[in-house]
Amino acid sequence: MPELPDIAAYVEALEPRVMGRTLERVRLGNPFLLRTLEPPLESAEGRVVCGLRRIGKRIAMGVEGDVWLVLHLMIAGRLHWRPPRPKLGGRQNLAAFDFAHGSLTLTEAGSQRRASLHVVRGEEALRSLDPGGIDVFAADLAVFREALTFENHTLKRALTDPRTFSGIGNAYSDEILHAARLSPIAQTRKLTAEEIARLHAATRDTLALWLDRLRAEARQKFPEKVTAFREGMAVHGRYGQPCPRCGEKVQRIRYAGNETNYCARCQTGGKVLADRGLSRLLGKDWPRTLEELEALKRR
């Protein structure tokens, strides 16, 4: 799922292309993309784009009359900039937002249709789509600590909860936790003051690094290949590859179609965390340390 740096890159790329331009027409390739009835989609057509913003993991495009088109790409939705009025054939092409000089199109890979478009009017309606997570760049350490420890969850869950933190998902939470040298299953209310301060700094620094990198790329060309697996990431998507800090192989926890990647040496004191599928299979034979894991592999 595109996260804060990816959404910011889309906004960066869209600003010079659509701001101050007239949105001539919105075409739907799949009517189920649209999740609202009022105001009608047609109320945005023929109006000048006057606003672009990120709302969590959503992209909001505002036109004259305080009408907002809000896109949630979910896991497989992606945006593309095309020549004017492209065809919307095929199952993956869900919508086109037509301008005189080009069209913004939305595609969604796979068979499930999770991406959504909401049309709302006014700031209050726009705010209702915000899950409420804090902006980590606007939050000092005290605000960050309060949000983090409001409930007791694992760090992985807390970082990826949109009601707690804005725009962080599976990929960048892995990178943040690796930078902070913290376990993804550590409990939020059991962290020391020093660990919370380390996590606060790592969250800001990691997101800032990727924000700068992806925004710079978006200024050169429209981001056509948005992915959760980026060249230069430390652990996410790098299972079995060496940790860039210590050289140990990156480990993983798999659950519900998702995967958490971490370095056991840097983050869990050498302890290998139980993988739901394999730990059930191996039972008491599940390796608890890196040394036990290597011994199991040599059998």
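Scroll up for the structure.
Residues numbered from 1 in each chain as written. Predicted model: local features only at pLDDT ≥ 70, side-chain atom pairs only at ≥ 80, totals over all residues. Heavy atoms only, no water.

Quick word on the sheet that holds strand β8 (residues 102–108)
Point 1. The four strands are arranged β2-β7-β8-β6 in an open sheet whose pairing can be described as antiparallel. Edge positions in the sheet fall to β2 (25–28) and β6 (77–82), since each has one partner strand and no second. Sheet twist, expressed as the average angle between the axes of neighbouring strands with direction ignored, equals 15 degrees.
Point 2. Here six bridges tie strand β7 (residues 93–99) to β8, and the two strands are oriented antiparallel to one another. Following the sheet pairing, N93 is matched in β8 by T107.
Point 3. Most of the contacts of helix α1 (residues 4–18) go to β6, to which it runs at about 30 degrees, and overall it touches β6, β7 and β8. (Pairing = 2+ DSSP bridges. Helix = DSSP H or I, 4+ residues; strand = E, 2+ residues; numbered from the N terminus. Axes fitted to C-alpha atoms, helices over the stretch in contact; angles between N-to-C directions. Contact = heavy atoms within 4.5 Å.)

Side note on the packing of helix α3 (residues 141–148) against helix α6 (residues 193–220)
Point 1. In contact at an axis separation of 10 Å, α3 and α6 are set at 105 degrees when each is read in the N-to-C sense. When the axes of α3 and α6 are compared, the pair comes out roughly perpendicular. Contacts between α3 and α6 involve L141, F144, R145 and L148 from the first element and I196, A197, L199, H200 and T203 from the second.
Point 2. Partitioned by chemical class, the residues of the contact of α3 with α6 number six nonpolar, two polar and one charged. (Parallel < 35°, antiparallel > 145°, perpendicular 65-115°, else oblique. Nonpolar A, V, L, I, M, F, W, Y, C, P; charged D, E, K, R; others polar.)

Some remarks on the pairing of β6
Point 1. For β6, the buried fraction is high: five of the six residues fall into the buried class.
Point 2. Note: β6 against β8, six bridges, orientation antiparallel. Bridge pairing in β8 places G77 opposite E108. (Buried < 20%, exposed > 50% of the residue type's maximum accessible area, 1.4 Å probe, protein only.)

So, the nonpolar core
Point 1. Ranked by size, the top nonpolar core spans 63 residues in total, and within it L69, F97 and L199 carry the most contacts.
Point 2. Among the elements that line this core, the one with the most residues is α1, at nine residues.
Point 3. Not counting chain neighbours up to four residues away, the residues in contact with F97 comprise L23, R25, V26, M61, L69, L71, G102, S103, L104 and L117. (Core = buried A, V, L, I, M, F, W, Y, C linked by side-chain atoms within 4.5 Å.)

Digging into the environment of V67
Point 1. Mapping V67 onto the fold places it in strand β5 (residues 67–72).
Point 2. For the pair V67 and P39, spaced 28 residues apart in sequence, the C-alpha to C-alpha distance is 8.1 Å.
Point 3. Not counting residues within four places of it along the chain, the set of residues in contact with V67 comprises S43, A44, R47, M61, G62, V119, V120 and R121.

Describing the side chain of E108
Point 1. With respect to the helices, strands and loops of the structure, E108 is situated in strand β8.
Point 2. The exposure class of E108 is buried, given its relative accessible area of 2%.
Point 3. A distance of 2.9 Å separates a polar side-chain atom of E108 from the backbone nitrogen of R114.
Point 4. Non-local contacts of E108, meaning those with residues more than four positions away in its chain, are made with A76, G77, Q92, L94, R113, R114 and A115. (Polar contact = N/O pair within 3.5 Å; in protein donor to acceptor, adjacent residues only side chain to side chain.)

Describing the packing of α1 against α6
Point 1. Running from N to C, α1 and α6 point in directions that differ by 30 degrees, and their axes come no closer than 8 Å. The angle between α1 and α6 falls in the class roughly parallel. Note that α1 runs across α6; the crossing there is right-handed. Residues L4, P5, D6, A8, A9, E12 and A13 of α1 touch α6, and the partners they reach there are L207, W210, L211, L214, R215, A218 and R219. (Left-handed = near helix turned anticlockwise from the far one by under 90°.)

Focus: the sheet that holds strand β4 (residues 58–63)
Point 1. Ordered in space as β1-β3-β4-β5-β9, the five strands form an open sheet in which the pairing is antiparallel. What marks the edges here is a single partner per strand, and that holds for β1 (22–23) and β9 (116–121).
Point 2. Across two bridges, β1 lies against strand β3 (residues 47–55) in antiparallel orientation. Bridging from a neighbouring strand, T22 pairs with V48 of β3.
Point 3. Against the sheet, α1 engages β3 and β4, with an angle of about 165 degrees to β3.

Describing the pattern of salt bridges
Point 1. Under the counting rule described, the total for this entry stands at 13 salt bridges.
Point 2. For R215, the salt bridge is made with E12, and the minimal N-O distance between the two is 3.9 Å. Of this pair, R215 sits in helix α6 while E12 sits in helix α1, placing them 203 residues apart in sequence.
Point 3. With relative accessibility at 21%, the residue E12 sits in the partly exposed group.
Point 4. In this structure, R27 and D98 form a salt bridge, with 2.7 Å as the shortest nitrogen-oxygen distance. Taken together, the residues span a long stretch of sequence, with R27 in strand β2 and D98 in strand β7 at a distance of 71 residues.
Point 5. For R27, a relative accessible area of 14% corresponds to the buried category.
Point 6. Using a relative accessible area of 0% as the deciding quantity, one classes D98 as buried.
Point 7. The structure contains a network of salt bridges with shared partners spanning E12, R215 and R219. (Salt bridge = Lys/Arg side-chain N within 4 Å of Asp/Glu carboxyl O.)

Everything listed is a geometric property; what it means functionally is a separate question.
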